[in-house]
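Structure at a glance
One-letter residues, chain by chain:
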Amino acid sequence: MYQTLYHTLYKVNLFIQGIDSRKPMLRVNDQAPSFKEPGDTIMEKVAETHVVLPCDAQGSPPPRVRWFKNGLEIHPQQSDFSLARDGSLVIGAASASHSGDYKCVATNDAGSVQRKTRLKVNVQYELDLKDKGPLPPNSISCVSPVPPEIPDDGQPVNLTVTLKQPLTLGCDAFGIPSPSITWTKDGHSVDSPGVYLQNGNRLLRIYRVQSEHGGQFACTAENTAGEARRAYNIVVQAPPVISGTPRLQKLAVVLGQEVEFQCRVSGRPAPRVEWSRDGEVLSRDGDPHVEFLEEGQVLRVKSVRLRDQGLYQCLARNNAGTQTRQFRLTVQAPPSSGALAGPRRCPWFWLPTVLPCDVEGSPAPSITWLKDNHPIVPCGWGPAQGESAGLYTCRASNPAGSAHIHYSLSVLGSPPPRVRWFKNGLEIHPQQSDFLCWPATAPL
């Protein structure tokens, strides 16, 4: 009835909020079930005693409680169990048949939670003392010693755990009398930092596993009747770690030289290393200019070409994780041109003069002009004059080197002279007289 009312109110609330979310008439706050004291428990009782298995779940709305034994649901109205008002499971008089694994499941509309309890019921026996003399009473009740037993809870004994992850090992030992439980690590008492023994030493917990926690942990349960032992073999695996700075590394190498990329990696198990350039995986059987050394931790590029430049990535991977490192390779080519060796001889007349300097390189070279080994401003000139003659040099340079182009400039002739004629002190204008003036310095 409560759940039906809860659903009705919840739907009404949603409907009203949909009409006017500023003035909700009713708000229901759900709270998933939780236990006041979380965690699985182990309980050991003597036969014929009253047993209560708690299930102190709380939530909003109040959760519905269901019980299971060895995976099968318990229906109190059809068995010798009863259910208390707080959800606890009650056994009026315990017997050996009540031993087993119990599970309490608390559920409401917001979620569910469960907790397990392992119950061990120890059976008494009667020791008859009538032939030993009159002892009142004629018989006494005692518990038969039972050697310890560590039942298999399904947890494997060979465990692999990742570095800095939690680890819990169980030792659910039973016996009469209750056995004392001790733990060892590789044959020595457990005293490693970060290792905690809980629940009467029945649980060993490590909240952040470290490399030194690898090895064999063993629990020993012992009482007057004997002992039992269980061992766990722990392998700690660590994700890859690449040494050096994690930032992008930039390398510059001159055309034709050799370059190496180092990706020194550690981890357990040993990581596999894969290289790529501009997103394309590099194969060991691919480019003969590329070599993989030291199990792939070193990549060598021989006789670097311009096409070898780009973004290189090292990817280290194992079962525990991955890590990457990136390198930016720039290939530098010294300046070059198609000019022949030696200076170019350039005879020029009285015309505008331009000397080219066509060079290539990576990165693009800077250009400097010199005349007779003295710097000048690089530009074109006007008509060549007599003082323009000399040795001109174009010097192209970048971090990879430099190149020179030389011009030997000579100025041939000079502008033709302007000729004027005079007669008796007066200038002659041929276009206005019967005189003729021939070109250049021809006689009049």
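The structure under discussion appears in the preceding block.
One structure accompanies this document, and this report is about it.

The rules behind the values
- Residues numbered from 1 in each chain as written.
- Predicted model: local features only at pLDDT ≥ 70, side-chain atom pairs only at ≥ 80, totals over all residues.
- Heavy atoms only, no water.
- Pairing = 2+ DSSP bridges.
- Helix = DSSP H or I, 4+ residues; strand = E, 2+ residues; numbered from the N terminus.
- Axes fitted to C-alpha atoms, helices over the stretch in contact; angles between N-to-C directions.
- Salt bridge = Lys/Arg side-chain N within 4 Å of Asp/Glu carboxyl O.
- Buried < 20%, exposed > 50% of the residue type's maximum accessible area, 1.4 Å probe, protein only.
- Phe/Tyr/Trp six-rings, centres within 6.5 Å; stacked < 30°, edge-to-face > 60°.

This brings us to the sheet that holds strand β2 (residues 41-46). Taken in spatial order, the five strands of this open sheet run β2-β10-β9-β5-β6, and their pairing is mixed. Looking at strand neighbours, the two that pair on one side only are β2 and β6 (72-74), the edges of this open sheet. Neighbour to neighbour, the strand axes of the sheet diverge by 30 degrees on average, direction disregarded. In this structure, β2 lies alongside strand β10 (residues 111-122), joined through six bridges in parallel fashion. Of the residues in β10, the one forming a bridge with Lys 45 is Val 121.

Here the structure, examined in full by the defined rule, presents 15 salt bridges. One salt bridge in this structure joins Arg 305 and Asp 287, with 2.6 Å as the shortest N-O distance. Remark: Asp 287 occurs in the loop between β27 (280-281) and β28 (290-293) and Arg 305 occurs in the loop between β29 (298-301) and β30 (310-318); sequence separation between them is 18 residues. Classification of Arg 305 by relative accessible area gives buried; the value is 17%. What makes Asp 287 partly exposed here is its relative accessible area of 24%. Where Glu 291 meets Arg 300, a salt bridge forms, and the shortest distance between an N and an O atom there is 3.4 Å.

Attention now moves to the packing of aromatic side chains. Across all of its chains, the model carries eight aromatic pairs by this definition. Taking 6.4 Å as the distance between ring centres and 20 degrees as the angle between the ring planes, the aromatic pair formed by Trp 183 and Tyr 232 counts as stacked. One end of the pair, Trp 183, is in strand β17 (residues 180-185); the other, Tyr 232, is in strand β22 (residues 226-242), and 49 residues separate them in sequence. Where Trp 369 meets Tyr 407, the ring centres are 6.3 Å apart and the plane angle is 25 degrees; that geometry is what we call stacked.

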